[in-house]
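As a plain string of letters, each chain reads:
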Amino acid sequence: MPRIGLGAFVLDQAEQTVSKLVEFFNQGGRLIEISELFANYHLVWNALTQCTINREEIFIIVKIWPQSQSPSALEERIMEFIKNSKFMYIDIILAHAPIDINNRFEQWTALENVKRKGLAKTLALANMSLNQLM
(Lines give C-alpha, C1' and ligand atoms only; values in the text may rest on other atoms or scores of the structure.)
Protein backbone atom coordinates (compact mmCIF):
# COMPACT_ATOMS: atom_id res chain seq x y z
CA MET A 1 0.00 0.00 0.00
CA PRO A 2 1.49 3.36 -0.98
CA ARG A 3 2.33 5.75 1.84
CA ILE A 4 0.78 8.86 0.30
CA GLY A 5 -2.60 9.07 -1.29
CA LEU A 6 -5.39 11.34 -2.36
CA GLY A 7 -8.83 11.32 -0.78
CA ALA A 8 -12.10 11.47 -2.62
CA PHE A 9 -13.11 14.93 -3.70
CA VAL A 10 -15.30 16.70 -6.18
CA LEU A 11 -14.46 19.99 -7.79
CA ASP A 12 -17.06 22.19 -9.45
CA GLN A 13 -16.26 20.83 -12.88
CA ALA A 14 -15.49 17.27 -13.91
CA GLU A 15 -12.65 18.46 -16.16
CA GLN A 16 -10.91 20.06 -13.17
CA THR A 17 -11.21 16.86 -11.16
CA VAL A 18 -9.80 14.72 -13.97
CA SER A 19 -6.99 17.22 -14.56
CA LYS A 20 -5.99 17.16 -10.86
CA LEU A 21 -6.13 13.38 -10.80
CA VAL A 22 -3.96 13.08 -13.92
CA GLU A 23 -1.46 15.45 -12.31
CA PHE A 24 -1.50 13.35 -9.13
CA PHE A 25 -0.92 10.09 -11.01
CA ASN A 26 1.75 11.58 -13.27
CA GLN A 27 3.63 12.86 -10.22
CA GLY A 28 3.76 9.34 -8.80
CA GLY A 29 0.59 9.18 -6.72
CA ARG A 30 -0.65 5.61 -6.53
CA LEU A 31 -3.22 5.58 -3.71
CA ILE A 32 -6.72 6.92 -4.20
CA GLU A 33 -9.67 6.80 -1.83
CA ILE A 34 -13.04 7.04 -3.52
CA SER A 35 -16.22 7.72 -1.62
CA GLU A 36 -19.40 6.35 -3.11
CA LEU A 37 -21.06 9.45 -1.65
CA PHE A 38 -19.28 11.65 -4.22
CA ALA A 39 -19.99 9.26 -7.13
CA ASN A 40 -16.78 10.34 -8.85
CA TYR A 41 -15.31 6.94 -9.64
CA HIS A 42 -15.82 7.53 -13.37
CA LEU A 43 -13.59 10.61 -13.12
CA VAL A 44 -10.86 8.53 -11.51
CA TRP A 45 -11.16 6.00 -14.33
CA ASN A 46 -11.02 8.78 -16.94
CA ALA A 47 -7.85 10.13 -15.33
CA LEU A 48 -6.26 6.67 -15.29
CA THR A 49 -6.96 6.20 -18.99
CA GLN A 50 -5.10 9.47 -19.71
CA CYS A 51 -1.98 8.21 -17.93
CA THR A 52 0.33 5.33 -18.78
CA ILE A 53 -0.45 3.51 -15.55
CA ASN A 54 -1.84 0.00 -15.31
CA ARG A 55 -4.71 -0.66 -12.93
CA GLU A 56 -2.48 -2.99 -10.90
CA GLU A 57 -0.19 -0.06 -10.07
CA ILE A 58 -2.97 1.91 -8.38
CA PHE A 59 -4.17 1.13 -4.86
CA ILE A 60 -7.88 1.90 -4.64
CA ILE A 61 -9.86 2.28 -1.45
CA VAL A 62 -13.63 2.59 -1.82
CA LYS A 63 -15.55 3.97 1.16
CA ILE A 64 -19.11 2.70 1.39
CA TRP A 65 -22.04 3.40 3.71
CA PRO A 66 -23.80 0.09 4.39
CA GLN A 67 -26.23 1.40 6.99
CA SER A 68 -29.90 0.49 6.49
CA GLN A 69 -29.24 -1.83 3.57
CA SER A 70 -30.10 -5.45 3.29
CA PRO A 71 -27.04 -7.67 2.92
CA SER A 72 -28.05 -8.72 -0.59
CA ALA A 73 -28.61 -5.09 -1.65
CA LEU A 74 -25.22 -4.14 -0.21
CA GLU A 75 -23.44 -6.93 -2.08
CA GLU A 76 -25.28 -6.12 -5.30
CA ARG A 77 -24.46 -2.41 -4.98
CA ILE A 78 -20.74 -3.10 -4.51
CA MET A 79 -20.64 -5.50 -7.45
CA GLU A 80 -22.45 -2.93 -9.61
CA PHE A 81 -19.99 -0.24 -8.51
CA ILE A 82 -17.01 -2.40 -9.52
CA LYS A 83 -18.63 -3.22 -12.88
CA ASN A 84 -19.49 0.42 -13.62
CA SER A 85 -16.17 1.78 -12.40
CA LYS A 86 -14.15 -0.57 -14.66
CA PHE A 87 -11.64 -1.06 -11.82
CA MET A 88 -12.00 -4.89 -12.01
CA TYR A 89 -11.45 -5.12 -8.23
CA ILE A 90 -11.05 -2.91 -5.18
CA ASP A 91 -7.95 -3.08 -3.00
CA ILE A 92 -9.84 -2.12 0.18
CA ILE A 93 -13.56 -1.80 0.73
CA LEU A 94 -13.92 0.49 3.73
CA ALA A 95 -17.29 0.29 5.49
CA HIS A 96 -17.68 3.79 6.90
CA ALA A 97 -19.93 4.79 9.81
CA PRO A 98 -20.86 1.30 9.34
CA ILE A 99 -22.92 -1.46 9.58
CA ASP A 100 -26.52 -1.48 10.60
CA ILE A 101 -26.80 -2.75 14.18
CA ASN A 102 -29.68 -5.06 13.23
CA ASN A 103 -27.94 -6.50 10.15
CA ARG A 104 -24.26 -6.17 11.01
CA PHE A 105 -23.31 -9.84 10.84
CA GLU A 106 -25.23 -10.39 7.61
CA GLN A 107 -23.77 -7.23 6.08
CA TRP A 108 -20.24 -8.30 6.99
CA THR A 109 -20.97 -11.69 5.38
CA ALA A 110 -22.07 -9.85 2.22
CA LEU A 111 -18.74 -7.97 2.19
CA GLU A 112 -16.91 -11.29 2.66
CA ASN A 113 -18.83 -12.68 -0.34
CA VAL A 114 -17.55 -9.82 -2.48
CA LYS A 115 -14.01 -10.56 -1.29
CA ARG A 116 -14.42 -14.30 -1.94
CA LYS A 117 -15.40 -13.49 -5.53
CA GLY A 118 -12.06 -11.71 -5.97
CA LEU A 119 -13.66 -8.28 -6.29
CA ALA A 120 -12.03 -6.94 -3.12
CA LYS A 121 -8.62 -7.78 -1.70
CA THR A 122 -9.25 -6.46 1.82
CA LEU A 123 -12.19 -5.39 3.97
CA ALA A 124 -11.97 -2.69 6.63
CA LEU A 125 -14.14 -0.73 9.03
CA ALA A 126 -14.03 2.94 10.00
CA ASN A 127 -15.78 5.08 12.60
CA MET A 128 -16.81 2.25 14.89
CA SER A 129 -16.46 2.15 18.63
CA LEU A 130 -14.87 -0.87 20.28
CA ASN A 131 -18.30 -1.84 21.63
CA GLN A 132 -19.78 -1.78 18.12
CA LEU A 133 -16.90 -3.84 16.81
CA MET A 134 -17.22 -6.43 19.57
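Data block above holds the structure.
One structure accompanies this document, and this report is about it. In this text, all values refer to a predicted model and were calculated from it rather than measured experimentally.

About the thresholds
Residues numbered from 1 in each chain as written. Predicted model: local features only at pLDDT ≥ 70, side-chain atom pairs only at ≥ 80, totals over all residues. Heavy atoms only, no water. Axes fitted to C-alpha atoms, helices over the stretch in contact; angles between N-to-C directions. Helix = DSSP H or I, 4+ residues; strand = E, 2+ residues; numbered from the N terminus. Parallel < 35°, antiparallel > 145°, perpendicular 65-115°, else oblique. Left-handed = near helix turned anticlockwise from the far one by under 90°. Contact = heavy atoms within 4.5 Å. Nonpolar A, V, L, I, M, F, W, Y, C, P; charged D, E, K, R; others polar. Phe/Tyr/Trp six-rings, centres within 6.5 Å; stacked < 30°, edge-to-face > 60°. Buried < 20%, exposed > 50% of the residue type's maximum accessible area, 1.4 Å probe, protein only. Lys NZ or Arg CZ within 6 Å of the ring centre and 35° of its normal. Pairing = 2+ DSSP bridges.

## A few points about the packing of helix H1 (residues 14-26) against helix H2 (residues 41-49)
Item 1. One way to put it is that H1 packs onto H2 with a least axis distance of 8 Å and a crossing angle of 50 degrees. Of the possible angle classes, the one that applies to H1 and H2 is oblique. Taken as a pair, H1 and H2 cross one another with a handedness that is right-handed. Note on element contacts: H2 touches H1 through Leu43, Val44, Asn46, Ala47 and Leu48, opposite Ala14, Thr17, Val18, Leu21, Val22 and Phe25.
Item 2. Along the lines of polarity and charge, the residues of the contact of H1 with H2 split into nine nonpolar, two polar and no charged.

## Observations regarding the packing of aromatic side chains
Item 1. Evaluated as defined, the whole model comprises three aromatic pairs.
Item 2. Judged by centre distance (5.5 Å) and plane angle (55 degrees), the ring pair of Phe24 and Phe25 falls under tilted. The pair formed by Phe24 and Phe25 is uniform in burial state, with each residue classed as buried.
Item 3. Arg55 extends its terminal NZ or CZ atom over the ring of Tyr89, reaching a point 4.0 Å from the ring centre.

## Focus: the sheet that holds strand S5 (residues 120-126)
Item 1. With parallel pairing, the five strands of this open sheet are ordered in space as S1-S2-S3-S4-S5. Each end of this open sheet is capped by a strand with a single partner; those strands are strand S1 (5-6) and S5.
Item 2. Direction of pairing for strand S3 (residues 59-64) relative to strand S4 (residues 90-96): parallel, over a ladder of four bridges. Residue pairing across strands places Val62 opposite Ile93, the latter belonging to S4.

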